[in-house]
Amino acid sequence: MKNFKKNLALLAALACAGTMLAGCSSEPAADNGDTTTPAAADNGDAGDAGDAGDAGDAGTANAAGDKLTVLCWNTDDINPMIENFCAATGHTADEFNIQNFGCGGGEAAENYDNYLGDINNDADIMFVEADWALKYINDDSADKGTMALTDIGFSDGDYSDLYGYTVEIGKSTSGVQKGLSWQAAAGGFCYRTDLAETYLGVKSPDEMQALVSDWDKFLETAQKVGEASGGKTALTTTMAGVWQVFSAGRSTPWVVDGKLQIDDSARGYIDFAKSMYDNGYVIKDLAQWNTDWYAAGQTDDTMGYFVSTWGFGDSILTQAAGFDSGATYGKWNVVVGPQPFYWGGTWMTVANRCNNQDLVKEFMTYFTTDAAGAESYARFKGEYVSNQKAMEAVLNDADYEGIGVLGGQNHFAVLNTVADGINMAGGITEYDATIKTAFNDAVTEYCRGTYDSVDATIDAFIDNVAGSLPNLDYSDFD
Amino acid sequence: MANTSGKRVRSISYAKYGYLFILPFFVVYIVFQIYPLFNTFYLSTQSNGSTQTEFVGLDNYEALLVGETGTISHGDNAGNKGGRAWRAVKSDFMRVMGNTIILWVGNFIPQIVISLVLAAWFTNSLLKIKGKSVYKILMYLPNIITAASSAALFVMLFSETQFGAINKMLMNMGMIADPIPFVTGKAQSRVMIMIIQTWMWYGNTTIMLMSGIMGINGSLFEAASIDGATMTQQFFRITLPLLRPIMLYTVVTSMIGGLQMFDMPYLYKNGTSFTKHIETVAVFIYNHFHNAVSPNYGYSAAASVMLFILTAILGAFAFAMNRDKDQKMHKRKKQNKLL
């Protein structure tokens, strides 16, 4: 019994020590969350000095009484933005407080909710990702909601220079402008020039565009490539990539009045996908973001990828080409493709608790409606910005040499056409990411032969959605 | 102790210090174990789809177990049938439950067989195996590699398409014409998970069983071999019966671990979409809890509670099955004596 007590005490002591140590390791993260309250900021915690916004002490706060707090999930964008903004306007980085949650974009909303749950936490600008932007844009509540941009001094006529779709996505379902993006993530169809010449006799991007200008032609061209290559080469790499583009052409939103909608183009896509898959016009069962997805770009198994503005670098195309010494580096060209589409992007919204409205307005204006500011940032970061005037100034620049992976083609000109052609008016709902994935999952299973008919596929799709979004109305499909 | 405490020795009581020292443990235990446990029960009675939840009674359990025909008891739709949303979530839940049980059984049986054989060999003094400790380390190694790395490794090796290492090799050798869907195929993906789980955990189980076997009195084996018992007889008549407590421990821990199996099924996927055939209850719970646009706390908490109950039942069953018969007899005799 004595021994037992001793052991119990020892165990308890160890457990305590263990939890204390565990507490230590996570402390910096917790600290990070506290820096916004003035009392904690006074401590000037040395551990967090890495972030530009955290560098200063509370004493340097601006006239509005505190710093401009930006909620984000990484500092890839906000750090260069602040640097560029401060250099141009004379503001200092001390006026900013970056609340970086350091997670994937998909997990950011959960962190935001926790952070905003405490009304004492400061928040001015909230970065939101296209997939879940509407969660906050549609929210008018005092704690988690966002304010209309007219409340901080924008007017609805200010956005004429911005690509239309970036403005549309920033609107709430009732049509109130609440968010603006500084970037445009328009995408095009990238194809292998050497294979195109061999199999299709195509010598220029214009000739290629003529062959893939709509989905019927796309399918025809895929057939030609398949026949000419003896079934070895697929016109494009993955079904998910095709769906990303195809779904941008839908006319009905996925959800209307809380009810799930399946429009005819989505229905039509199921057969289209099946014929692409069965005939080997895509690489069967290959998934995006797998290592194989990149590997395919260096073989003759695929002729094309759908790539968005941010994907020309290492994140997609350059990696697929095998980087600058790769087998297919420089053998790519980009065309508009069958359907203008966008892929991803980040929007800025203003939290309802915002107490720095003047600076927020200045900051947002600089990166969006102010053509000079946007152009300066486009050059500074190499970003494809949402301001069309700024972008045209960059792409008309005679000195611009294009990028290596495209063999020097000026992709900005192509993407400008795409971005101008995207029409998302009223087509966006906060559920899009979930529903699009569910649809693609069902169609993938249909292609593999799990379901034997289009109706069964749609049924499975509705089940996929109903399982994860229980609050929608499915009475039409009972 | 009760027998020896006839004479009471007067001494200073150190008991209060003891309690003081163990207090932090209980505080931590209550905050990080008891509170979350009860909070899970509480959350399982809350609504889905928003971080602002409301009370819905046992609706979540009805959704997961009864499905379409269940009646909604609270909220705007009170009185209506659960409908399509409940049907979908029920069939999902039944599927993941089935997957969990299949995957656990499929990795536990080979694991325990391999481990028993290895443990019996390595503890057998007649076999004189050299470098036992090296083998022990080698067997334990897969368990040290983090699940994330193992999953990445297997996903890469067994990739679906003609670019995957194994598929490419088999195709080049002319053994298969089309790539095998190791990640998305029903049987293929399940077998892969079973193999990976067995590979990861057999070392752990072997070492556990070895310590159990070494705890058996060696003279029993000696006596048996003098009496002419073969190795097989010794194994079945001495080793196995005396290994029972350790076996029970292994079964119970493996069962709890198996029912909560998460890392491999979650990480072993083609690109970003989950393979439905290997989705386990833990993956279901995680995905519903971390759904960005529609956090379904109710579903995930209700599923957790049911998993908890299931584990408790199976655990109790395992204890009952393994209860020593002699011990039972002994107890009965004692009771009779007292009467």
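Residues numbered from 1 in each chain as written. Chains lettered and ligands numbered in written order. Predicted model: local features only at pLDDT ≥ 70, side-chain atom pairs only at ≥ 80, totals over all residues.

1. Quick notes on the overall build of chain A
- From N to C terminus, chain A includes 19 helices and 11 strands.
- By the burial criterion, 46% of the 478 residues in chain A qualify as buried. (Helix = DSSP H or I, 4+ residues; strand = E, 2+ residues; numbered from the N terminus. Buried ≥ 20, exposed ≤ 12 C-beta atoms within 10 Å, placed from the backbone.)

2. What to know about the overall build of chain B
- Secondary structure summary: chain B contains 14 helices and zero strands in total.
- If you list the helices and strands of chain B from N to C, you get α-α-α-α-α-α-α-α-α-α-α-α-α-α.
- A compact globule built from 339 residues would reach a C-alpha radius of gyration of about 20 Å, whereas chain B, at 26 Å, exceeds it by more than 25%.
- Relative to its 339 residues, chain B shows a buried fraction of 33%. (Rg over C-alpha atoms; globule rule 2.2 N^0.38 Å.)

3. Side note on the environment of Phe 93 of chain B
Residue and element names in this part refer to chain B.
- Tracing the backbone shows Phe 93 in helix H3 (residues 83–123).
- Phe 93 sits 206 residues away from Tyr 299 along the chain, and the two C-alpha atoms are 9.5 Å apart.
- Beyond its immediate stretch of four places on either side in the chain, Phe 93 contacts Leu 64, Phe 284 and Ala 303. (Contact = placed C-beta atoms within 7 Å.)

4. Description of the domain arrangement of chain A
Residue and element names in this part refer to chain A.
- Domain boundaries assigned for chain A yield domain 1 (35–184 + 350–387) and domain 2 (186–343 + 399–477).
- When each unit is reduced to the centre of its C-alpha atoms, the spacing between domain 1 and domain 2 is 32 Å.
- Domain 1 puts 11 residues into the contact, and the matching count from domain 2 is 15 residues.
- When contributions to the side of domain 1 that touches domain 2 are tallied by element, the ones reaching two or more residues are helix H5 (133–137) and helix H6 (164–169).
- The element that contributes the greatest number of residues to the side of domain 1 that touches domain 2 is H6, accounting for three residues.
- Taken together, the residues of the side of domain 1 that touches domain 2 sort by class into seven nonpolar, one polar and three charged. (Domains from an automatic or database assignment. Nonpolar A, V, L, I, M, F, W, Y, C, P; charged D, E, K, R; others polar.)

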